[in-house]
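Spelled out from the first residue to the last, the chains are:
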Amino acid sequence: MTRMEEDNLPQPLPHRLVEVMLVVGFDEDTGLPKPPGKEPEIDYSLDNIFKNDYEPCVLAAVSSSTMVYFHPFIRKDETYPPSNTHATHSSSQMTSLPELSVSRQIHRFSKHPTRLLSSSRNPKIMSHHMSTKGQVIAVPELPVSDEVIRSVAAFCFPDGAKVYKERPENCVHFLVLTDMSGSETYTSCLTFYRPYIVEKDEQGNLYFSLETSPAALEFGQTKCYTPNCILLISKYPYYTVLKACLSSLTALIEKDQKDMYTFIKEYAHILTWTPVPPAGDVAIELNLCQLSLTINPPDHCEKPVIDFPMYLTFLCFPIEEVLRIITCILVEERLLFLTTNYALLTVVMESFRNFILPFSWRFTYVPVLPSKSLGFLQAPGTFMFGCHSRHKEEAEQDMELGT
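- For the protein chain, an unreviewed UniProt entry supplies the name UDENN domain-containing protein and the organism Potamilus streckersoni.

### Let's talk about the overall build of the protein chain
Argument step 1. Counting secondary structure elements, the protein chain contains 9 helices and 16 strands.
Argument step 2. Looking at the protein chain as a whole, 49% of its 403 residues qualify as buried.
Argument step 3. Restricting the contact set of the protein chain to residue pairs at least 6 apart, pairs at least 24 apart contribute 68%.
Argument step 4. Summed over its atoms, the accessible surface of the protein chain is roughly 20300 Å², and 53% of this surface lies on carbon and sulfur atoms.

### What to know about the side chain of Thr-187
Argument step 1. Mapped onto the elements, Thr-187 comes out in strand E9 (residues 184–200).
Argument step 2. Those residues within four positions of Thr-187 in sequence are excluded, and the remaining contacts are His-173, Phe-174, Leu-175, Leu-177, Leu-231, Leu-232, Ile-233 and Tyr-239.

### Structural notes on the nonpolar core
Argument step 1. Formed by 60 residues in total, the largest nonpolar core has its most connected members in Leu-22 and Phe-337.
Argument step 2. When residues in this core are grouped by element, the largest group, 6 residues, is from helix H8 (residues 342–355).
Argument step 3. Leu-59, Ile-264, Ile-295 and Val-305 belong to the second-largest nonpolar core, a separate cluster that totals 40 residues.

### Re the packing of helix H4 (residues 239–255) against helix H5 (residues 260–271)
Argument step 1. One way to put it is that H4 packs onto H5 with a least axis distance of 9 Å and a crossing angle of 155°. Viewed along their axes, H4 and H5 adopt a mutual orientation that is roughly antiparallel. In the crossing of H4 with H5, the sense of the turn from one axis to the other is right-handed. Residues Cys-245, Ser-248, Leu-249, Leu-252 and Ile-253 of H4 form the contact with H5, whose own contacting residues are Met-260, Phe-263, Ile-264, Tyr-267 and Leu-271.
Argument step 2. Along the lines of polarity and charge, the residues of the contact of H4 with H5 split into 9 nonpolar, 1 polar and no charged.

### Concerning a nonpolar patch on the surface
Argument step 1. Taken together, the side chains of Phe-314, Ile-319 and Leu-323 make up a nonpolar region of the molecular surface, amounting to roughly 290 Å² of accessible area.
Argument step 2. With respect to the helices and strands, the residue Phe-314 is situated in helix H6 (residues 312–316).
Argument step 3. Of the residues examined, Phe-314 reaches a relative accessible area of 42% and is grouped as partly exposed.

### Notes on the environment of Val-68
Argument step 1. Structurally, Val-68 is set in strand E3 (residues 67–69).
Argument step 2. By relative accessible area, which is 0% here, Val-68 ends up buried.
Argument step 3. Once the C-alpha coordinates of Val-68 and Glu-141 are considered, the two residues, 73 residues apart in sequence, prove to be 9.2 Å apart.

### So, the confidence of the model for the protein chain
Argument step 1. With 80% of its residues at a pLDDT of 70 or more, the protein chain has an overall mean of 81.
Argument step 2. Within the model, pLDDT remains below 50 along residues 85–138, and this stretch shows 140 contacts once partners closer than five positions in the same chain are excluded.

### Looking at the environment of Trp-361
Argument step 1. Mapped onto the elements, Trp-361 comes out in the loop between H8 and strand E15 (364–366).
Argument step 2. A C-alpha to C-alpha distance of 8.2 Å links Trp-361 and Glu-332, two positions 29 residues apart in sequence.
Argument step 3. Those residues within four positions of Trp-361 in sequence are excluded, and the remaining contacts are Ile-329, Glu-332, Glu-333, Arg-353, Ile-356, Thr-382, Phe-383 and Met-384.
Argument step 4. Of note is the side chain of Trp-361, whose polar atom sits 3.2 Å from the backbone oxygen of Phe-363.
Argument step 5. Among the polar contacts listed, one links the side chain of Trp-361 to the backbone oxygen of Thr-364, at a separation of 3.2 Å.

### What to know about the state of the cysteines
Argument step 1. Going through the model one piece at a time under the given rule, you end up with 0 disulfides.
Argument step 2. In this structure Cys-156 is not part of a disulfide, and its nearest cysteine sulfur, from Cys-229, lies 4.0 Å away.

### Some words on the packing of aromatic side chains
Argument step 1. This model, assessed by the stated rule, comprises 13 aromatic pairs.
Argument step 2. Seen in terms of ring centroids, Phe-317 and Phe-352 are 6.1 Å apart; in terms of plane orientation they differ by 65°. Their pairing is edge-to-face. Residue Phe-317 is found in the loop between H6 and helix H7 (319–330), and its partner Phe-352 is found in helix H8; the two are separated by 35 residues along the sequence.
Argument step 3. Overall, Phe-352 belongs to the buried group, its relative accessible area being 0%.

### Examining the pattern of salt bridges
Argument step 1. Taken as a whole and judged by the stated rule, the model has 12 salt bridges.
Argument step 2. When the shortest N-O distance is used, the salt bridge between Glu-19 and Arg-16 registers 3.1 Å.
Argument step 3. For the salt bridge of Arg-150 with Glu-147, the shortest nitrogen-to-oxygen distance reads 2.5 Å. Of this pair, Arg-150 and Glu-147 are both found in helix H3 (residues 146–156), 3 residues apart, which corresponds to roughly one turn of the helix.

### Brief notes about the environment of Val-148
Argument step 1. Within the secondary structure, Val-148 sits in helix H3.
Argument step 2. By relative accessible area, Val-148 is classed as buried at 16%.
Argument step 3. For Val-148 and Val-58, which are 90 residues apart along the polypeptide, the C-alpha to C-alpha distance reads 10.0 Å.
Argument step 4. Excluding its chain neighbours within four sequence positions, the residues that come into contact with Val-148 are Leu-22, Leu-177 and Ile-233.

Conventions we followed
- Residues numbered from 1 in each chain as written.
- Predicted model: local features only at pLDDT ≥ 70, side-chain atom pairs only at ≥ 80, totals over all residues.
- Heavy atoms only, no water.
- Helix = DSSP H or I, 4+ residues; strand = E, 2+ residues; numbered from the N terminus.
- Buried < 20%, exposed > 50% of the residue type's maximum accessible area, 1.4 Å probe, protein only.
- Contact = heavy atoms within 4.5 Å.
- Areas by Shrake-Rupley, 256 points an atom, 1.4 Å probe, with all protein chains shown as cover.
- Core = buried A, V, L, I, M, F, W, Y, C linked by side-chain atoms within 4.5 Å.
- Axes fitted to C-alpha atoms, helices over the stretch in contact; angles between N-to-C directions.
- Parallel < 35°, antiparallel > 145°, perpendicular 65-115°, else oblique.
- Left-handed = near helix turned anticlockwise from the far one by under 90°.
- Nonpolar A, V, L, I, M, F, W, Y, C, P; charged D, E, K, R; others polar.
- Patch = residues over 30% accessible without salt bridge, like charges linked within 9 Å, V, L, I, M, F, W, Y side chains within 5 Å.
- Salt bridge = Lys/Arg side-chain N within 4 Å of Asp/Glu carboxyl O.
- pLDDT = per-residue confidence, 0-100.
- Polar contact = N/O pair within 3.5 Å; in protein donor to acceptor, adjacent residues only side chain to side chain.
- Disulfide = S-S within 2.5 Å.
- Phe/Tyr/Trp six-rings, centres within 6.5 Å; stacked < 30°, edge-to-face > 60°.

Below you can see the structure in the form of structure tokens.
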């Protein structure tokens, strides 16, 4: 694409549903990367691949105007963005491509208890560089910071990433990412599992290939399911809407694994060009692959979106405990939420932040704290963290050390 063609591209929407879509996990280009700092005596042979932890990688990032792959080297997808959502593929690809459309129909509706967090802050711009044989290659800009690209994988898999003999169930959780300036973005994450064939050569090297159709395994081969996580990063906490979009996307991928990035590009292009409604009496209807969703606005520009089930908080805690937690928040206590379900953490903690309105939480806020970052509980000062209850004993010890 020439500079003139790039200049003629439509400008990104200032208030869009999704800023960027990220894909995190493993694939045939990354293999099964070892976590940094692991002892060399750990056996990563074919017989032990299910026993070890691996280091997940950011595989791709898609914005409204750019798609970047990070492995085996950083490169831009020259076919993105499509000039026409329905006419960007060859005839052979079109046979498996679902019909994707967006209907931005604005309509009147009765007052609904959904609120919107308005933000005029421009996203930070990230530019990756890589050195190859003395040459520096600049990667196209993305509307997320370099820090997000480096650290988000740990939050996708807060207890580490493994491969499995049997396919686990898909799972979803939510994140709130805060940059150095205090600006927050809201992330919906859905983890699903892809079938891979792993084989070992005579020198003991492992090779990794996607299983596109079931077949009998040969000698020296084994089948595994590797985790991939798709993230939708937004300025607005439309958790329920984005969870539905991710569920629809992963359902398509599981039916046709080899066309995963085809589906990802189509969904990302639509979601990054879908606007969010302004405060008032209008809503936006989104039709996405036979999935109809309504994006509701806030009643007032100063009120945030509440697109998640706040009632779950009252199913998790009795009313006396809810009032006690609100009191602790208002007097700025150090708080740690524990749960057996990561999907609940952000929903419950965001609910409490809404319960204290018009007051706000001014301190460190991390709804999902990765297990390898539990040491942050030793930090002095006020914070609100969340982690899995399996880490309760270690977390309590770290909090005691921090007091």
